[in-house]
Amino acid sequence: MDGKQKINCTVGSCKYNNSDNKECTLNKIMVTPMENCNTKKADESMCSSYEFEKELLK
């Protein structure tokens, strides 16, 4: 490992998901709280870097 963390992702519809190894291909991601949450639980946040992969529509 090169000393950097890797982000695993199983969201197949995201354009940054490398489906071969289930890794995010972005250099960094933005994680934000869900609307109207004080983020006391892990499921109250989400990856804001998500973008829909339009190629899936073909």
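These numbers were taken from a predicted model, which means no experiment stands behind them.

> Honestly, the state of the cysteines in this entry has me stumped. Any pointers?
Enumeration according to the criterion identifies zero disulfides in this entry. In this model Cys24 remains outside any disulfide bridge; the closest cysteine sulfur is found in Cys47, 6.1 Å from its own. Overall, the relative accessible area of 18% leaves Cys24 in the buried class.

> Is there a simple way to think about unusual backbone geometry in this case?
A negative phi holds for most residues other than glycine; trans holds for most peptide bonds. In this model, Lys22 sits at a positive phi of 60°, which is unusual for a non-glycine residue. Locating Lys22 in the fold gives a position in the loop between β1 (17–18) and β2 (23–24). Overall, the relative accessible area of 41% leaves Lys22 in the partly exposed class.

> Just to check I follow, could you spell out the layout of surface pockets for this structure?
Where empty space is left in the structure can be found by rolling a water-sized probe over the atoms. Counted as a void, the largest pocket has a volume near 260 Å³. As for the largest pocket, its lining consists of twelve residues, of which Gln5, Lys6, Ile7, Leu26 and Asn27 are closest to the centre. For the lining of the largest pocket, the class distribution of residues is four nonpolar, three polar and five charged. Approximately 170 Å³ is the volume found for the second largest pocket. Considering the residues around the second largest pocket, the lining is formed by 14 residues, among which Cys9, Val11, Cys14, Cys47 and Tyr50 are closest to the centre. The class makeup of the residues in the lining of the second largest pocket is eleven nonpolar, three polar and no charged.

Conventions used here
- Residues numbered from 1 in each chain as written.
- Predicted model: local features only at pLDDT ≥ 70, side-chain atom pairs only at ≥ 80, totals over all residues.
- Heavy atoms only, no water.
- Disulfide = S-S within 2.5 Å.
- Buried < 20%, exposed > 50% of the residue type's maximum accessible area, 1.4 Å probe, protein only.
- Helix = DSSP H or I, 4+ residues; strand = E, 2+ residues; numbered from the N terminus.
- 1 Å grid on protein atoms, 1.4 Å probe; cavity = no way out; pocket = protein on both sides within 12 Å on 5 of 7 lines; lining within 4 Å.
- Points joined across faces, edges and corners; volume = space filled by probe spheres on them.
- Nonpolar A, V, L, I, M, F, W, Y, C, P; charged D, E, K, R; others polar.

All quantities given are derived from atomic positions and should not be read as evidence of function.
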